[in-house]
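# Structural description and commentary
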Amino acid sequence: QIASEEKVALLGRAPSSSNSTVPLGIEAFSPQLLVEAKQADALKLLWGVGGIYVSFLYYGSLQEDVFLYESSNGDGSKFKQAWFLQVLESLANVIIGFLGRKFVGGTADIPQKMFFISGVTQVCAKACTSLSLANGLSFPVATLAKSGKMAPVMLGSLLLGGARYSLREYLQVIAIIGGTALVSMDKPKHGVSSPSTAIGLFFISLSLAMDGITGGVQKRLKSEMARANKSPLPYDFMFFTNCYMMITATLVAAVLGEFTSGIEYISTNPDILYLIIKFSICSAVGQSFIFYTISHFDPLVCSTATTTRKIFSVLLSIFLKGHSLSVQGWSGICLACSGIISEITPKSGTTRNCQKEAHQA
């Protein structure tokens, strides 16, 4: 709302304590200006939240398509080069982050140590999520499981001592974990389960563990920036974090030989290249929309958008990708979604949570 408030202030109005604008004087044109300011805010909200929904809903659909894709050469092989995929996705984010710092602005001389650690843990979490999909875990189960990322954070804090959580937070985590378990144990109507599901569950659990580590790293990053008297801007986070994510993914992909196998798979199946390119672009554009929404509106708006889009991602996957669920599966979906929706409450640190969503989408 910054731009709207500045516009109204210049025309003889000032923002009130409730983030709305009130007239300082009686002018004949004031009601019209107030309407124009509200319309401008509505368009910004539609642009920001709409961008988050479109980008990340399509992002999730493309991610599932990449790992469901079967080779056109007749052998039925699938794309499994998760680290190679992370290189390409991080590269797209680095490019957008660089352009953002150049044209929107960036902070000079930022300490890099915690950005490096955060980039390593985040790319490991994202790669493990992709590996879970590559090893047979369904997209709805993976998405619901990732929504319970607060669980490892809570567990670590409780084991180390000194942490306290409300009953609502405990119930929220229990609902998400319990719902995810019901969906993952649900038997398809044809009665055949994937033999790789156990491996997929292992990787998604590992991804959650990395999320827990990332949460602690980001707290230290915030403290380190405060000690250095630095205030990184959104595109600073996007650029530096993804730089280290790309470097890490490049090293791992090189060691595992995924550059060779990934390029070979793409050359044999050129159609998947377009899926990967669109997937990477959606990731970068989605992060930009998150930062745009944070900068113009209350963080709760961003938190609501990023939280509810997970539910729609799950539902779209079920209806569009042909997933079959029994009553048990749908009960698990409802239980997990109730836990996800409970996240939408005003609380401190919401801005940080939105920025974390931007990095971990």
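What you are looking at is a predicted structure, and each value in this text was computed from that prediction instead of being measured. (Residues numbered from 1 in each chain as written. Predicted model: local features only at pLDDT ≥ 70, side-chain atom pairs only at ≥ 80, totals over all residues. Heavy atoms only, no water.)

Membership of the largest hydrophobic core comes to 47 residues, with the highest contact counts inside it found for Val66, Phe67, Phe79, Leu144, Ile272, Ile276 and Ile333. Top contributing element to this core by residue count: helix H11 (residues 271-296), with 10 residues. Among residues more than four places away in sequence, those in contact with Ile276 are Val66, Phe79, Leu85, Leu88 and Ile266. (Core = buried A, V, L, I, M, F, W, Y, C linked by side-chain atoms within 4.5 Å. Buried < 20%, exposed > 50% of the residue type's maximum accessible area, 1.4 Å probe, protein only. Helix = DSSP H or I, 4+ residues; strand = E, 2+ residues; numbered from the N terminus. Contact = heavy atoms within 4.5 Å.)

Two numbers describe a pair of packed helices, the interaxial angle and the distance between the axes. Contact geometry of helix H3 (residues 82-103) with helix H10 (residues 258-268) gives a least axis separation of 8 Å together with a crossing angle of 80°. Overall, the two elements H3 and H10 adopt an arrangement that is roughly perpendicular. Along its contact with H3, which presents Ala82, Trp83, Phe84 and Val87, the element H10 presents Glu258, Phe259, Gly262, Ile263 and Ile266. For the contact of H3 with H10, a count of residues per class yields seven nonpolar, one polar and one charged. (Axes fitted to C-alpha atoms, helices over the stretch in contact; angles between N-to-C directions. Parallel < 35°, antiparallel > 145°, perpendicular 65-115°, else oblique. Nonpolar A, V, L, I, M, F, W, Y, C, P; charged D, E, K, R; others polar.)

With that settled, the discussion passes to the side chain of Ser288. In this structure, Ser288 sits in helix H11. The class for Ser288 is buried, based on a relative accessible area of 14%. In contact with Ser288, not counting residues within four places along its chain, are Ile96, Tyr235 and Met238.

The subject of this paragraph is the confidence of the model for the chain. In the predicted model, the chain carries a mean pLDDT of 81, and the fraction of residues at 70 or more is 81%. Segment residues 1-28: pLDDT under 50, and 34 contacts once partners within four positions in sequence are set aside and those in other chains are kept. Counted against residues more than four places away or in other chains, residues 191-196, with its pLDDT under 50, gives four contacts. (pLDDT = per-residue confidence, 0-100.)

By secondary structure assignment, the location of Thr129 is in helix H4 (residues 113-134). A polar side-chain atom of Thr129 sits 2.9 Å from a polar atom in the side chain of Ser207. (Polar contact = N/O pair within 3.5 Å; in protein donor to acceptor, adjacent residues only side chain to side chain.)

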